[in-house]
Amino acid sequence: MKKDAPKTIIRKETGGSKDKFWNPRFWDGVTVCAWFKTMALGRFRVSPVRLPMALIITLLTPFNSLCALGQRLFFGRRIRRQKLVSPPIFILGHWRSGTTLLHEYMILDDRFTYPDTYTCFAPSHFLFTHRWLSPFVGLLMPKKRPMDNMAAGLSRPQEDEFALCVLGQPSPYFNILLPNAPPVYKDYLTMRDVPDAKRKRWLDAFERLIKAITVANPKTVILKSPPHTARIRTILERFPDAKFVYIHRNPYVLFPSTYNLWTKLSATHGIQIMKEKGLAEKVLTQFSQMDEAYTADKALLKPGQITEISYDELVADPVGTLERIYSEIGIDGFEEKRALFEEFAASQKDYKKNRFSIAPEIAEQIAVRWKPYLDRYGYEKPSE
């Protein structure tokens, strides 16, 4: 931990996997063109101790480009012609608000499909390589995520934002790879100021990804990526009938957990050693941007197109909360799946959460800068 980190948060009890040099990285499936375009964002600056990681990724790029060509040859036409079974469902919420837990619950319903971790590692060729390559890659995977005690694995659901990154699409997530670079593609968080032509290219790539996921398993797609929370307006341009489930959580818990998230992800997947300078401000600013965009865009949705839940109610009564979600966005057949949800809920009772405390000056900034969110959902600073 950097010397200035305790001034912001103190990690009292944290879980997560220990990084091993053989663990797969989010960028391992990138093609030659996408990789060098990405490296150029950081002016090809790599911390000396991360040179082996950068070299391994670089050496993998020709293989990925060749496999991507195979996918285009064998599946390109099917992807272009694929129709969605129904409009996608988006799980929204700030990082560390419980989006992954909710995603894990909803994909228990076998009428849905989702991008798994292998898909997001190798989005340009997963249809071509999943069957024969993923078993070998899976042997290298850690059992837990780096930032908490949630299970990890190639078949687990993953954020589609990582797939877009690996495809070379603009995303603020490139700052995970390049944590010391200036903010990368910051306009792509809300996409408010992205020119129409560039936004169309992003949407085209996003739609191709969703179609490819549907080719692999022709069911309704459920997606979970926190940046989509600020992109409802853009998503509706391509998927006007999409449905949304928004989850919120106490901001005094979100802040230190998000700070920890970025440090752990950069430590595991970055080619630079994070200095953490400005990280607290990044967390504070992005939260406000996301909340403002979400609040404005929510007004564009029709009745039955969105529902909101809290993390606390999902943990306290997961089955009842899921029943409400199904009812409010018009998903039938809940009773047929109730037993699956109850079984998974029972398996989560011994889950150990991370514990943090934050500096008083950070708590003061949360109280002021995140006040609209605090007031809207009735959150207060929890007792230590």
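To start, this report covers the structure provided alongside it. (Residues numbered from 1 in each chain as written. Predicted model: local features only at pLDDT ≥ 70, side-chain atom pairs only at ≥ 80, totals over all residues. Heavy atoms only, no water.)

1. Quick look at the overall build of the protein
Then step 1. A count of helical and extended segments in the protein gives 16 helices and seven strands.
Then step 2. Relative to the compact-globule value of 21 Å for 384 residues, the protein shows a C-alpha radius of gyration of 20 Å, a close match.
Then step 3. C-alpha atoms of the protein, sized along the principal axes, occupy 55 × 55 × 45 Å.
Then step 4. Taking all 384 residues of the protein together, the buried fraction comes to 56%.
Then step 5. Partitioning the intrachain contacts of the protein with sequence separation of at least 6 by distance along the chain shows that 81% fall at a separation of at least 24.
Then step 6. Accessible surface, the protein: about 17600 Å² in total, of which carbon and sulfur atoms supply 57%.
Then step 7. In the protein, 57 positive and 41 negative side-chain charges are present, and the distance between their average locations comes to 8 Å. (Helix = DSSP H or I, 4+ residues; strand = E, 2+ residues; numbered from the N terminus. Rg over C-alpha atoms; globule rule 2.2 N^0.38 Å. Buried < 20%, exposed > 50% of the residue type's maximum accessible area, 1.4 Å probe, protein only. Contact = heavy atoms within 4.5 Å. Areas by Shrake-Rupley, 256 points an atom, 1.4 Å probe, with all protein chains shown as cover. Lys, Arg positive; Asp, Glu negative; His and termini not counted. Charge placed at Lys NZ, Arg CZ, Asp CG, Glu CD.)

2. Here we look at the side chain of D116
Then step 1. Topologically, D116 is positioned in the loop between β3 (112-113) and α4 (117-121).
Then step 2. One buried charge, D116, has no salt-bridge partner; the nearest side chain with opposite charge is R156, at 10 Å.
Then step 3. When near neighbours in sequence (up to four residues on either side) are disregarded, D116 contacts H130, L154, S155, R156, P157 and Q158. (Salt bridge = Lys/Arg side-chain N within 4 Å of Asp/Glu carboxyl O.)

3. Structural notes on helix α8 (residues 196-216)
For an α-helix the count is 3.6 residues per turn, leaving residues at separations of three or four pointing the same way.
Then step 1. For α8, spanning 21 residues, the distance from its first C-alpha to its last is 30 Å, which sits close to the expected 30 Å at 1.5 Å a residue.
Then step 2. Buried within α8 we find R199, W202, L203, A205, F206, L209, I210, K211, A212, I213, T214 and V215. (Expected span 1.5 Å × (residues − 1).)

4. Topic: the pattern of salt bridges
Then step 1. Under the criterion given, the structure shown has 23 salt bridges.
Then step 2. Taking the shortest distance from any N to any O, the salt bridge between K337 and D110 comes out at 2.9 Å. Here K337, found in helix α14 (residues 334-347), pairs with D110, found in the loop between α3 (99-106) and β3; they are 227 residues apart in sequence, far enough to count as distant.
Then step 3. According to the relative accessible area criterion, K337 is buried, its value standing at 11%.
Then step 4. Residue classification places D110 among the partly exposed residues on the basis of a relative accessible area of 47%.

5. Re the packing of aromatic side chains
Here the distance between the centres and the angle between the planes together describe a pair of aromatic rings.
Then step 1. Enumeration over the complete set of coordinates arrives at 26 aromatic pairs.
Then step 2. Ring geometry for F26 against F121: centres 5.5 Å apart, planes inclined by 85°, an arrangement best described as edge-to-face. With F26 in the loop between β1 (9-13) and α1 (32-41) and F121 in helix α4, this residue pair connects regions lying 95 residues apart in the sequence.
Then step 3. Residue F26 is classed as buried on the basis of its relative accessible area, which comes to 6%. (Phe/Tyr/Trp six-rings, centres within 6.5 Å; stacked < 30°, edge-to-face > 60°.)

6. Things to note about the state of the cysteines
Then step 1. For the coordinates displayed, the defined rule picks out zero disulfides.
Then step 2. C67 takes part in no disulfide bond, and the closest cysteine sulfur to it belongs to C33, at a distance of 15 Å.
Then step 3. The buried category is assigned to C67, whose relative accessible area is 4%.
Then step 4. Of the cysteine sulfurs around C165, a residue in no disulfide, the closest is that of C120, at 10 Å. (Disulfide = S-S within 2.5 Å.)

7. Looking at the side chain of T307
Then step 1. On the secondary structure map, T307 appears in strand β6 (residues 306-310).
Then step 2. Here the side chain of T307 touches E328 through a polar contact of 2.3 Å, side chain to side chain.
Then step 3. Excluding residues within four positions of it along the chain, T307 makes contact with F244, V245, Y246, R324, I325, E328 and I329. (Polar contact = N/O pair within 3.5 Å; in protein donor to acceptor, adjacent residues only side chain to side chain.)

8. Focus on the packing of helix α2 (residues 51-81) against helix α5 (residues 126-138)
Then step 1. Orientation of α2 relative to α5, taken along the N-to-C sense of each, is 115°, at an axis distance of 8 Å. Residue-level contacts link F63, C67, G70, Q71, F74, F75 and I79 of α2 to F126, L127, F128, T129, W132 and L133 of α5.
Then step 2. Grouping the constituent residues of the contact of α2 with α5 by class yields ten nonpolar, three polar and no charged. (Axes fitted to C-alpha atoms, helices over the stretch in contact; angles between N-to-C directions. Nonpolar A, V, L, I, M, F, W, Y, C, P; charged D, E, K, R; others polar.)

9. Details of the nonpolar core
Then step 1. In this structure, W27, F90, F206, F244, F255, W262 and I366 are the most contacted members of the largest nonpolar core, which totals 87 residues.
Then step 2. Not counting residues up to four positions away in its chain, the partners in contact with F206 are F90, D160, L164, L223, H228 and F239.
Then step 3. Core analysis: the second largest hydrophobic core is formed by 23 residues, I89, F112, L322 and F344 among them. (Core = buried A, V, L, I, M, F, W, Y, C linked by side-chain atoms within 4.5 Å.)

10. A word on unusual backbone geometry
It is generally the case that most residues other than glycine have a negative phi and that most peptide bonds are trans.
Then step 1. The backbone of F44 shows a phi angle near 60°, a positive value even though the residue is not glycine.
Then step 2. Here F44 shows up in the loop between α1 and α2.
Then step 3. Judged by relative accessible area, which is 47%, F44 ranks as partly exposed.
Then step 4. Look at R96: it is not a glycine, yet its phi comes out positive at around 70°.
Then step 5. Of note, R96 is situated in the loop between β2 (89-92) and α3.

11. Examining the packing of helix α10 (residues 251-269) against helix α11 (residues 279-298)
Then step 1. Direction vectors running N to C along α10 and α11 enclose 125°, while the axes themselves pass 10 Å from each other. When the interaxial angle is binned, α10 and α11 end up oblique. In this structure, α10 crosses over α11, and the sense of that crossing is right-handed. Here P251, L254, F255, T258, Y259, W262 and T263 of α10 lie close against α11, whose contacting residues are L279, A280, K282, V283, L284, Q286 and F287.
Then step 2. Split into classes, the residues belonging to the contact of α10 with α11 amount to ten nonpolar, three polar and one charged. (Parallel < 35°, antiparallel > 145°, perpendicular 65-115°, else oblique. Left-handed = near helix turned anticlockwise from the far one by under 90°.)

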